[in-house]
Amino acid sequence: AGHVLALDALPGVVQGVHVSHRGVAEGLEAHAQARLVHHVEHDLHALVRLAQQLGYADSFQLHKAKCLFEAGDVAGARAAAGILLEKRFTEPFLHNELGALFHMLGEHEHSLVHYAKAIDLDGAVAESHYNQAAVQRFPGDIAGAESGFNAALALKPDEYEAYNARAQLRRQTRERN
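Read on for an overview of the structure. (Residues numbered from 1 in each chain as written. Predicted model: local features only at pLDDT ≥ 70, side-chain atom pairs only at ≥ 80, totals over all residues. Heavy atoms only, no water.)

Considering helix α4 (residues 57-70)
Okay, step 1: Helix length check: α4, at 14 residues, gives a terminal C-alpha distance of 20 Å against a target of 20 Å (1.5 Å per residue), a fit within 8%.
Okay, step 2: Here α4 has its buried residues at S59, F60, Q61, L62, H63, A65 and K66.
Okay, step 3: Once α4 ends, the next one or two residues include G72, with phi positive near 90°. (Helix = DSSP H or I, 4+ residues; strand = E, 2+ residues; numbered from the N terminus. Expected span 1.5 Å × (residues − 1). Buried < 20%, exposed > 50% of the residue type's maximum accessible area, 1.4 Å probe, protein only.)

Listed below in structure tokens is the structure:
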């Protein structure tokens with residue numbers, strides 16, 4: 001009962017988690033619903049090993065850090081995310097996700113580094129500019145935040161949250177931050 005029924009199907013789950021940006025838990029759930037999994041803990045270890053073999057270890061590490069944070073294990077999430085701090089992903093969405101996680105962890109400097117990496121990889125993603133601008137507000141970088149919101153709006157003119165955030169910047173001061 002503690003084994004995988006169809007290990008040959010696991011590569012598809014791993015690739016599906018990576019490509020569709022789904023979490024490990026969702027991938028396991030889909031796998032289980034297909035009646036390919038008997039024992040989740042064993043299969044999670046199999047997925048992690050397979051992710052490493054297929055070159056997806058970093059994206060799984062990011063998913064692990066996000067799961068730890070969502071479970072309330074902030075210290076565990078910080079440690080798991082810290083492993084990825086110096087990584088240079090090839091997919092901008094991974095930098096964007098890691099930036100968001102660092103932001104939730106209160107690590108704004110690390111967050112900004114990863115948003116900048118996402119933008120370097122693909123400057124046409126409005127979400128990366130918006131996220132970077134939102135974090136730039138915290139230390140009071142009003143000019144940087146306004147520039148980021150402007151970039152997001154140039155790419156996605158119907159992003160009304162960016163208009164609102166930009167308008168709020170004009171009322172923000174170092175004292176009212």
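Notes on helix α5 (residues 74-82)
Okay, step 1: Taken together, the buried positions of α5 are occupied by G76, A77, A80 and A81. Buried positions in α5, seen along its axis, are confined to an arc of 130° and lie on one side of it. (Arc of directions from axis to C-beta.)

Considering the environment of I83
Okay, step 1: Among the structural elements, I83 can be located in the loop between α5 and α6 (92-104).
Okay, step 2: By relative accessible area, I83 is classed as exposed at 56%.
Okay, step 3: Separated by 21 residues in sequence, I83 and L62 place their C-alpha atoms 9.1 Å apart.

Observations regarding the environment of L121
Okay, step 1: Locating L121 in the fold gives a position in helix α7 (residues 108-121).
Okay, step 2: Assessed through its relative accessible area of 34%, L121 is described here as partly exposed.
Okay, step 3: Residues L121 and F93, 28 residues apart in the sequence, show an inter-C-alpha distance of 9.5 Å.
Okay, step 4: Other than its neighbours up to four places away in sequence, L121 contacts R88, F89, T90, E91, P92 and H95. (Contact = heavy atoms within 4.5 Å.)

As for the packing of α4 against α5
When two helices pack together, their arrangement is given by the angle between the helix axes and by the axis-to-axis distance.
Okay, step 1: Look at α4 against α5: their axes get within 7 Å of each other, and the N-to-C directions meet at 165°. Relative to α5, the element α4 is oriented roughly antiparallel. Pair α4 / α5 crosses with left-handed handedness. Judged by residue contacts, Q61, A65, L68 and F69 of α4 engage V74, G76, A77, A80 and A81 from α5.
Okay, step 2: Class assignment for the residues of the contact of α4 with α5 results in 7 nonpolar, 2 polar and no charged. (Axes fitted to C-alpha atoms, helices over the stretch in contact; angles between N-to-C directions. Parallel < 35°, antiparallel > 145°, perpendicular 65-115°, else oblique. Left-handed = near helix turned anticlockwise from the far one by under 90°. Nonpolar A, V, L, I, M, F, W, Y, C, P; charged D, E, K, R; others polar.)

Overview of the nonpolar core
Okay, step 1: Grouped together as the largest cluster of nonpolar side chains are 13 residues, with contacts concentrated most on L62, A81, L98, L101, F102 and L105.
Okay, step 2: Taken together, the elements giving at least two residues each to this core come down to α4, α5 and α6.
Okay, step 3: Among the elements that make up this core, the one with the highest residue count is α6 (4 residues).
Okay, step 4: Excluding residues within four positions of it along the chain, L101 makes contact with L62, A65, K66, F69 and A81. (Core = buried A, V, L, I, M, F, W, Y, C linked by side-chain atoms within 4.5 Å.)

Observations regarding the packing of helix α9 (residues 142-155) against helix α10 (residues 160-169)
Okay, step 1: Relative to each other, α9 and α10 sit at 160°, their axes nearing to 10 Å. Regarding the angle of α9 to α10, the classification is roughly antiparallel. The way α9 lies across α10 gives a crossing that is left-handed. On α10, the residues touching I142, A145, E146, F149, N150 and L153 of α9 are A162, Y163, A165, R166 and L169.

What to know about the side chain of S128
Okay, step 1: As for its placement among the helices and strands, S128 is situated in helix α8 (residues 126-136).
Okay, step 2: Discounting residues that sit within four places of it in the chain, S128 has contacts with N96, Y115, A118 and I119.

Topic: the pattern of salt bridges
Okay, step 1: In the structure shown here, the tally under the stated rule is 4 salt bridges.
Okay, step 2: Among the salt bridges present, the one from K87 reaches D58, with a minimum N-O distance of 3.7 Å. In this pair, K87 sits in the loop between α5 and α6 while D58 sits in helix α4, placing the two residues 29 residues apart along the sequence.
Okay, step 3: Of the residues examined, K87 reaches a relative accessible area of 30% and is grouped as partly exposed.
Okay, step 4: In this structure D58 comes out as partly exposed when scored by relative accessible area, which is 28%.
Okay, step 5: E107 is the salt-bridge partner of R78, the closest N and O atoms lying 2.9 Å from each other. Taken together, the residues R78 in helix α5 and E107 in the loop between α6 and α7 connect sequence positions 29 residues apart.
Okay, step 6: By relative accessible area, R78 is classed as partly exposed at 32%. (Salt bridge = Lys/Arg side-chain N within 4 Å of Asp/Glu carboxyl O.)

No statement about biological role is implied by the geometric values presented.
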